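Residues per chain are reported as follows:
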Amino acid sequence: MGDKVSRAYSEARIKLINDYLESNLIRFEKSCSQRFEPLIEAMRYSLEGGGKRLRPILTLSAAEALGLNPVDVLPAACALEYIHTYSLIHDDLPALDDDDTRRGKPSNHKRFGEAVAILTGDALLTEAFGQVLLLGESQKFQPAQILGVMDLLVHHSGVRGMVGGQLLDVTIDTSDSSLPEIEFIHIHKTGALILASVLIPTKLMPLEEEKVQSFRRYGEAIGLAFQISDDLLDSETSIRYSRGPRKKPKPCYTQVMSPSEMKQKLNLLIDHAISSIRSLGDKSQNLIDIAEFIRTRKA
Ligand code: GRG
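Residues numbered from 1 in each chain as written. Predicted model: local features only at pLDDT ≥ 70, side-chain atom pairs only at ≥ 80, totals over all residues. Heavy atoms only, no water.

### Considering the overall build of the protein chain
In step 1: From N to C terminus, the protein chain includes 12 helices and 2 strands.
In step 2: Mapped from its N terminus to its C terminus, the protein chain presents α and β elements in the order α-α-α-α-β-β-α-α-α-α-α-α-α-α.
In step 3: Compactness check: the protein chain gives a C-alpha radius of gyration of 19 Å against a globular reference of 19 Å for 299 residues, within 12% of the reference.
In step 4: In terms of its C-alpha atoms, the protein chain occupies a principal-axis envelope of roughly 55 × 55 × 35 Å.
In step 5: Burial status across the protein chain gives 53% buried among its 299 residues.
In step 6: For the protein chain, restricting intrachain contacts to residue pairs at least 6 apart in sequence, the fraction spanning at least 24 positions comes to 73%.
In step 7: Of the roughly 13,900 Å² that the protein chain leaves accessible, carbon and sulfur atoms contribute 56%. (Helix = DSSP H or I, 4+ residues; strand = E, 2+ residues; numbered from the N terminus. Rg over C-alpha atoms; globule rule 2.2 N^0.38 Å. Buried < 20%, exposed > 50% of the residue type's maximum accessible area, 1.4 Å probe, protein only. Contact = heavy atoms within 4.5 Å. Areas by Shrake-Rupley, 256 points an atom, 1.4 Å probe, with all protein chains shown as cover.)

### Remarks on the environment of Leu54
In step 1: Secondary-structure assignment places Leu54 in helix α3 (residues 54-65).
In step 2: Along the chain, Leu54 and Asp176 lie 122 residues apart, while their C-alpha atoms are 32 Å from each other.

### Let's talk about unusual backbone geometry
In step 1: One non-glycine residue with positive phi stands out, namely Arg53, at about 65°.
In step 2: For Arg53, the location among the structural elements is in the loop between α2 (37-47) and α3.
In step 3: Phi at Arg103 takes a positive value of approximately 50°, unusual for a residue other than glycine.
In step 4: Tracing the backbone shows Arg103 in the loop between β1 (101-102) and β2 (105-106).

### What about the environment of Glu220?
In step 1: Mapped onto the fold, Glu220 is located in helix α10 (residues 209-235).
In step 2: For the pair Glu220 and Asp97, spaced 123 residues apart in sequence, the C-alpha to C-alpha distance is 26 Å.

### Notes on the packing of helix α8 (residues 162-171) against helix α9 (residues 179-199)
In step 1: The N-to-C vectors of α8 and α9 enclose an angle of 140°; their axes lie 7 Å apart at closest approach. Classified by the angle their axes make, α8 and α9 are oblique. Judged by the sense of rotation from one axis to the other, the crossing of α8 with α9 is left-handed. For the pair formed by α8 and α9, the contact residues are Met162, Gly165, Gln166, Leu168 and Asp169 on the first element and Phe184, Ile185, His188, Lys189, Ala192 and Leu193 on the second.
In step 2: Of the residues that constitute the contact of α8 with α9, the class distribution is 6 nonpolar, 3 polar and 2 charged. (Axes fitted to C-alpha atoms, helices over the stretch in contact; angles between N-to-C directions. Parallel < 35°, antiparallel > 145°, perpendicular 65-115°, else oblique. Left-handed = near helix turned anticlockwise from the far one by under 90°. Nonpolar A, V, L, I, M, F, W, Y, C, P; charged D, E, K, R; others polar.)

Keep in mind that these numbers describe shape and distance, not what the molecule does.
Structural data, given as structure tokens:
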């Protein structure tokens, strides 16, 4: 992200997140039968795969913008990375996108086999909710606030969010896709988990509704912007075909917009995201930097 200061900031945040993810894997290793070690190895393989950690960084930055200690929200940040990682493992399976590689390495099922890859995704999804419960360990949050985080995560990652969006992504007939249809899919498939990453800290403290709404506007805008930036990066290579059973193009913005229209929409969304949180003052700088990163990212 951007200049030297914010790069140093994001590197420090990524280290905090990575150390926390690793400490949890060690905790699993210590607390379960050695016979389950292959599952933990497959979890570690995909968690260590070189992802950007966008969703957990968003949670830490939103927490800071609200004056919370980012360390206290690490379990929730980790839950988001678990859900994101499970979604990528399952998305790469032959029944869905049938991708042999992820982040330049063999995808989980190529490395461990389909059965273990399915179970690795299942384990990550289940343990994500175990992580939410760990928010209680710091004694900083009330049980009702932790239940609020749980509810938010269920809403945005399940039927009403990412999984619902993924259903449409794999079943829709893209030959007659319209902009509202494509946007509906992206808001759910990709945007929902990004929005949840921003909103989680708002569940952990008393907050006036107006402030919650400004976080919501920011999260919705960068969620959609992220998918447009992803489609723009892909459009520089080729049409995105699913190798999976559909064998047809995936729904994406390039089917309904030219690259310059996509860039214009991306810029509008990023501007909107930034203006939504400006009233938070200096504390919102990291969220602004993340939005700018999405505007200009090259990978
Ligand atoms: C299988 C239930 C289920 C859901 C899958 C998100 C998703 C739903 C599939 C991924 C397909 C995809 C490539 C969508 C484009 C946007 C996106 C989520 C890209 C990957 O996220 P990054 O760039 O990944 O944050 P890294 O590698 O940085 O962690």
